[in-house]
Amino acid sequence: MRLREIDRGDGVVNRLLFGFISLVSRMRLPDAARVAFYHRDFFSTPMGAWTQAAMRGPSTWSVSERELMAALVSKWNSCAFCMGAHGAVAAKEIQRSAVDAALADFRTAPISESLKATLAFLEILALRPMELTAEDARAVLHAGVSTEALMDAIAVGALFSIVTRYADALDFAVPTANEFDRAASMLLKRGYAS
């Protein structure tokens, strides 16, 4: 069931707000933003706070590096919406060609060795969590990543292992590349807290 089929269940104020935002932005409000207006106390406020902390809180990782991590975790979890959305945000501060190269094969992409080592760890965490070992963590630390930075990356990986599942469960509509780019500008500026 697409979210547009349940939009009528959230009240007049939110429907008017969705319409206004869509009119001003000249695009349909992305489903991820729509979810933020449903059941605020139960879901969107705590999830928004966790996402804001993981993606915009203090970290040695830049916002764009964390967004790239989110895009890759989304790819590994087969979520086209999240991969497109977070790849577009990453591309606001990392060259689009580097983001595309990382999404194709992060091991050969023009990104730092520490980010490659961290992405290798996150790939195992996302695809084969039962195979993750202390040696995998040591490899990341050996690449020059601090324990705190690895913990920050794990937070991004855990978060997007959940987010991708609800995005797919709710059948989020996948915007065009242009719509992703426009939404990315707003997300980069506004952040995730609802």
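S.K.: I'm lost on the overall build of the protein chain in this one. Help?
M.R.: If you tally the helices and strands in the protein chain, you get 10 helices and 0 strands. Scanning the protein chain from its N terminus toward the C terminus, one meets helices and strands in the order α-α-α-α-α-α-α-α-α-α. Per-residue burial over the protein chain gives 45% buried out of 194 residues. Here the contacts in the protein chain between residues at least 6 apart in sequence split such that 67% fall between residues at least 24 apart. When the accessible area of the protein chain is evaluated, it comes to approximately 10,000 Å², of which 61% is carbon and sulfur surface.

S.K.: How should I be thinking about the nonpolar core in this particular structure?
M.R.: Taken as a class, soluble globular proteins show a tendency for nonpolar side chains to be buried jointly. Of all hydrophobic cores here, the largest spans 47 residues; its most connected members are Leu 68, Met 69, Leu 72, Trp 76, Leu 119, Leu 122 and Phe 160. For this core, the secondary-structure elements that each account for two or more residues are helix H3 (40–56), helix H4 (63–76), helix H5 (80–90), helix H6 (96–105), helix H7 (113–127), helix H8 (134–142), helix H9 (147–169) and helix H10 (177–190). Residue contributions to this core peak at 8 residues, all from H9. Setting aside its immediate chain neighbours within four residues, Leu 119 contacts Met 69, Leu 72, Trp 76, Phe 106 and Ile 111.

S.K.: Which parts of the structure should I look at to understand the packing of H5 against H6?
M.R.: When two helices pack together, their arrangement is given by the angle between the helix axes and the distance between those axes. As a packed pair, H5 and H6 sit with axes 9 Å apart at the nearest point and diverge in direction by 140°. Taken together, the axes of H5 and H6 lie oblique to each other. Note on packing geometry: the crossing formed by H5 with H6 is right-handed. Contacts from Met 83, Gly 87, Ala 88 and Ala 90 in H5 reach Arg 96, Val 99 and Leu 103 in H6.

S.K.: Sorry if this is basic, but what is going on with the packing of H4 against H6 here?
M.R.: Interaxial distance between H4 and H6 falls to 10 Å at its minimum, and their mutual angle equals 35°. By crossing handedness, the relation of H4 to H6 is classed as right-handed. Between H4 and H6, the residues in contact are Leu 68, Ala 71, Leu 72 and Lys 75 and Val 99, Ala 102, Leu 103 and Ala 104, respectively. By residue class, the composition of the contact of H4 with H6 is 7 nonpolar, no polar and 1 charged.

S.K.: What's the story with H4 in this structure? I'm lost.
M.R.: Since one α-helical turn is 3.6 residues long, residues separated by three or four positions face the same way. Across its 14 residues, H4 extends 20 Å between first and last C-alpha, which sits within 8% of the 20 Å expected from 1.5 Å per residue. The buried count for H4 comes to 13 of 14 residues, which makes it a mostly enclosed element. Two residues or fewer after H4 comes Ser 78, characterised by a positive phi angle close to 60°.

S.K.: Help me out: how do you make sense of H9 in this one?
M.R.: For H9, with 23 residues, the first-to-last C-alpha span of 33 Å sits near the 33 Å given by 1.5 Å per residue. Following H9 by one or two positions, Asp 171 adopts a phi angle in the positive range, close to 55°.

S.K.: Explain the packing of aromatic side chains to me, please; I cannot follow it from the model alone.
M.R.: Given two aromatic rings, one states the distance between the centres and the angle between the planes to describe the pair. In total, this model carries 4 aromatic pairs according to the counting rule given. Measuring from centroid to centroid gives 5.0 Å for Phe 81 and Phe 172, while their planes differ by 90°, and the two rings are edge-to-face. One end of the pair, Phe 81, is in helix H5; the other, Phe 172, is in the loop between H9 and H10, and 91 residues separate them in sequence. Overall, Phe 172 belongs to the buried group, its relative accessible area being 6%. Where Phe 81 meets Phe 180, the ring centres are 5.9 Å apart and the plane angle is 55°; that geometry is what we call tilted. Of this pair, Phe 81 sits in helix H5 while Phe 180 is found in helix H10, placing the two residues 99 residues apart along the sequence. Residues Phe 81 and Phe 180 agree in their burial class; the two are buried.

S.K.: Quick question: what am I supposed to make of unusual backbone geometry here?
M.R.: One can expect most non-glycine residues to show negative phi and most peptide bonds to be in trans. Phi is positive for Ser 78, close to 60°, though the residue is something other than glycine. Among the secondary structure elements, Ser 78 is positioned in the loop between H4 and H5. On the basis of relative accessibility, which here comes to 61%, the residue Ser 78 falls in the exposed class. Despite not being glycine, Asp 171 shows a phi value in the positive range, around 55°. Looking at the secondary structure, you find Asp 171 in the loop between H9 and H10.

Cut-offs used in this document
- Every residue gets a number counted from 1 within its own chain, in the order that chain's sequence is written.
- Local features are withheld for residues below a pLDDT of 70 in this predicted model, meaning they are given only at 70 or higher, and side-chain atom pairs are given and counted only at 80 or more; totals for whole chains, interfaces and linings count all residues.
- To get the side-chain values, take all heavy atoms of the structure and skip hydrogens and water.
- Numbering of helices and strands runs from the N terminus; a helix is a DSSP stretch of H or I covering at least four residues, while a strand is a stretch of E covering at least two.
- Only protein chains enter the area calculation, which uses a 1.4 Å probe; residues under 20% of their type maximum are buried, those over 50% are exposed, and those in between are partly exposed.
- Residue contacts are counted whenever heavy atoms from the two residues lie within 4.5 Å of one another.
- Per-residue and other accessible areas were derived by the Shrake-Rupley procedure at a 1.4 Å probe size, with only the shown protein chains allowed to occlude residues.
- Here the nonpolar core consists of buried residues drawn from Ala, Val, Leu, Ile, Met, Phe, Trp, Tyr and Cys, with membership extended through side-chain atoms lying within 4.5 Å.
- Axes here refer to lines fitted to C-alpha atoms; in helices the fit is confined to the stretch in contact. Angles between the N-to-C directions go from 0 to 180 degrees.
- In these notes the angle categories are as follows: under 35 degrees is roughly parallel, over 145 is roughly antiparallel, 65 to 115 is roughly perpendicular, and the rest is oblique.
- Handedness of a helix crossing follows the sense of rotation of the near helix relative to the far helix, less than a right angle counterclockwise being left-handed and clockwise being right-handed.
- Each residue gets one of three labels, nonpolar for Ala, Val, Leu, Ile, Met, Phe, Trp, Tyr, Cys and Pro, charged for Asp, Glu, Lys and Arg, and polar for the others, Gly among them.
- By definition here, a helix of n residues has an expected span of 1.5 Å times n minus one.
- Only rings of Phe, Tyr and Trp enter the pairing, Trp through its six-membered ring, and a pair is recorded when the two centres are within 6.5 Å. The plane angle decides the type: under 30 degrees is stacked, over 60 is edge-to-face, the rest tilted.

Limitation: the analysis is restricted to geometry and does not speak to function.
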